Amino acid sequence: MPTRAIPYVKALVHIACLLPFLYLIQQYRSGALALQADPVLSITHTTGYWALFLLITCLAVTPLRRLHPKLANLIRFRRLLGLYAFFYATLHLATYVFLFSGYDLPTVWAGVSGGHFGAIVDQWKLVWPTILDDLKKRRFIQVGLFAWFLLLLLALTSPAFMLRWMGGKNWRRLHSTVYVAAIAGCIHYWWLVKTHVRTPMKDTIFLAILLLARIVWVILKQRRKPGVTPQSRVPMQAA
């Protein structure tokens, strides 16, 4: 990919990544979302699916760029895809907190409009026991929240100045946990759906392939290292 084409391709990637979000907004404004059997569940599934899809796509960048030197510029899109994965993961979490848990957004909006900003905290106090109870009982929420916290750390440390501040070694060690976040995301998906549903299978297979590719790359890289020639030992001279 020519370097001069990168800004234009990035613009297309931005548009492609925003399309699911814009589609949800269009569905809401047209009233089509409200006509669905469970609008909140539809938003939850859409945001969760795109969070996991973009995260796995982000992980696919490095193996793909290693296939040919002409694909080296793909690395320019990895951070962008990772941040969009975090964006949809945050929307996924926000859907649960503000729509599914019983958080009364119309009441909060009315309170804020009237100058009563404490309504935000008041509603949070009302739903917090429910959220905490769900967190204790539902393991898919536990692993999903764990994945989101990892993505939050990766998003906060993604700027270049954070790389300089942390040091390359520490930064790379932290950002290798993106694989842990992806695995947790797949587990969250499996534990969320019903037992006979196999929808998460394709995401799990793609992730397994990417993990295998990384393992193979590490093994090949270790084998390519030149061996250390043993130094000849000098016998001790007698005193």
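Every chain is numbered independently, its residues counted from 1 as its sequence is written. Only residues with pLDDT of 70 or above have their local features reported here, since the model is predicted, and side-chain atom pairs are shown and tallied only from 80 upward, although totals for entire chains, interfaces and linings are computed over all residues. Side-chain numbers come from the whole structure's heavy atoms, not from hydrogens or water.

Visitor: Describe the nonpolar core, naming the residues involved and giving the relevant values.
Guide: Residue types Ala, Val, Leu, Ile, Met, Phe, Trp, Tyr and Cys, when buried and joined through side-chain atoms within 4.5 Å, form a set referred to as a nonpolar core. Remark: exposure states derive from per-residue accessible area (1.4 Å probe, protein chains only) relative to the maximum for the residue type, with buried under 20%, exposed over 50%, and partly exposed in between. Ranked by internal contacts, the top residues of the largest apolar core, which has 33 residues, are Leu 54, Leu 55, Leu 59, Leu 81 and Leu 151. Of all the elements, helix 2 (residues 39-65) adds the most residues to this core, at nine residues. Listed in part, the eight residues of the second largest apolar core include Val 97, Val 108, Ile 131 and Phe 140. Under the DSSP-based scheme used, a helix requires at least four consecutive residues in state H or I and a strand at least two consecutive residues in state E, with every element numbered from the N terminus.

Visitor: Talk me through the state of the cysteines; I want residue IDs and the actual numbers.
Guide: Note on disulfides: each one is a pair of cysteine sulfur atoms within 2.5 Å. Under the definition given, this model contains zero disulfides. Here Cys 186 is not disulfide-linked; the sulfur of Cys 58 is the nearest cysteine sulfur, at 14 Å. For Cys 186, a relative accessible area of 5% translates into the label buried.

Visitor: Go over the packing of helix 2 against helix 3 (residues 78-100) with me, naming the residues and quoting the values.
Guide: Viewed as axis vectors pointing N to C, helix 2 and helix 3 meet at an angle of 160°, and their least axial separation amounts to 8 Å. Relative to helix 3, helix 2 is oriented roughly antiparallel. Judged by the twist between their axes, the crossing of helix 2 over helix 3 is left-handed. Basically, the charged four are Asp, Glu, Lys and Arg, the nonpolar ten are Ala, Val, Leu, Ile, Met, Phe, Trp, Tyr, Cys and Pro, and anything else, Gly included, counts as polar. Its residues placed into classes, the contact of helix 2 with helix 3 shows 16 nonpolar, eight polar and one charged. With axes taken as lines fitted to C-alpha atoms, and helix axes fitted only over the stretch in contact, angles between N-to-C directions fall between 0 and 180 degrees. When an angle is under 35 degrees it counts as roughly parallel; over 145 it counts as roughly antiparallel; between 65 and 115 it counts as roughly perpendicular; any other value is oblique. Should the near helix be turned counterclockwise from the far one by less than a right angle, the crossing is left-handed, whereas a clockwise turn marks it as right-handed.

Visitor: Lay out the confidence of the model for the protein in plain terms, naming residues and giving numbers.
Guide: This prediction gives the protein a mean pLDDT of 88; 93% of its residues lie at or above 70. Within the protein, helix 6 (residues 139-156) carries the highest mean pLDDT (96), whereas helix 4 (residues 105-113) carries the lowest (86). The model gives residues 228-239 a pLDDT under 50, and that stretch makes zero contacts with residues more than four places away or in other chains. You can read pLDDT as the predictor saying how much it trusts each residue, on a scale of 0 to 100. Between two residues, a contact is recorded if the distance between any of their heavy atoms is within 4.5 Å.

Visitor: So what's going on with a positive patch on the surface? Residues and values would help.
Guide: A patch is a set of surface residues, each over 30% in relative accessible area and not in a salt bridge, joined within 9 Å for like charges and within 5 Å for the nonpolar side chains Val, Leu, Ile, Met, Phe, Trp and Tyr. Shrake-Rupley sampling with a 1.4 Å probe provides the accessible areas, and residues are treated as covered by the protein chains on show and by no other component. Take a side-chain nitrogen of Lys or Arg and a carboxyl oxygen of Asp or Glu: if they are within 4 Å of each other, that pair is a salt bridge. Counting rule applied: Lys, Arg positive; Asp, Glu negative; His and chain ends not counted. Charge placement uses NZ in Lys and CZ in Arg. For Asp and Glu, CG and CD serve respectively. On the surface, a cluster of positive charge is made up of Arg 66, Arg 78, Arg 172, Arg 214, Lys 221 and Lys 225. Secondary-structure assignment places Arg 214 in helix 10 (residues 201-224).

Visitor: Account for the environment of Tyr 23, naming residues and giving values.
Guide: Tracing the chain through its elements places Tyr 23 in helix 1 (residues 6-30). Look at Tyr 23 and you get partly exposed, because its relative accessible area is 49%. Distance from Tyr 23 to Cys 58, taken between C-alpha atoms, is 22 Å for residues 35 residues apart in sequence.

Visitor: For helix 9 (residues 178-192), give the residues involved together with the corresponding values.
Guide: Spanning 15 residues, helix 9 covers 21 Å between terminal C-alpha atoms, matching the ideal 21 Å at 1.5 Å per step. Along helix 9, the residues classified as buried are Val 178, Tyr 179, Ala 181, Ala 182, Ala 184, Gly 185, Cys 186, His 188 and Tyr 189. As for helix 9, its buried residues are in contact with helix 2, helix 3, helix 6, helix 8 (168-175) and helix 10. Multiplying 1.5 Å by the helix residue count minus one yields the expected span of that helix.

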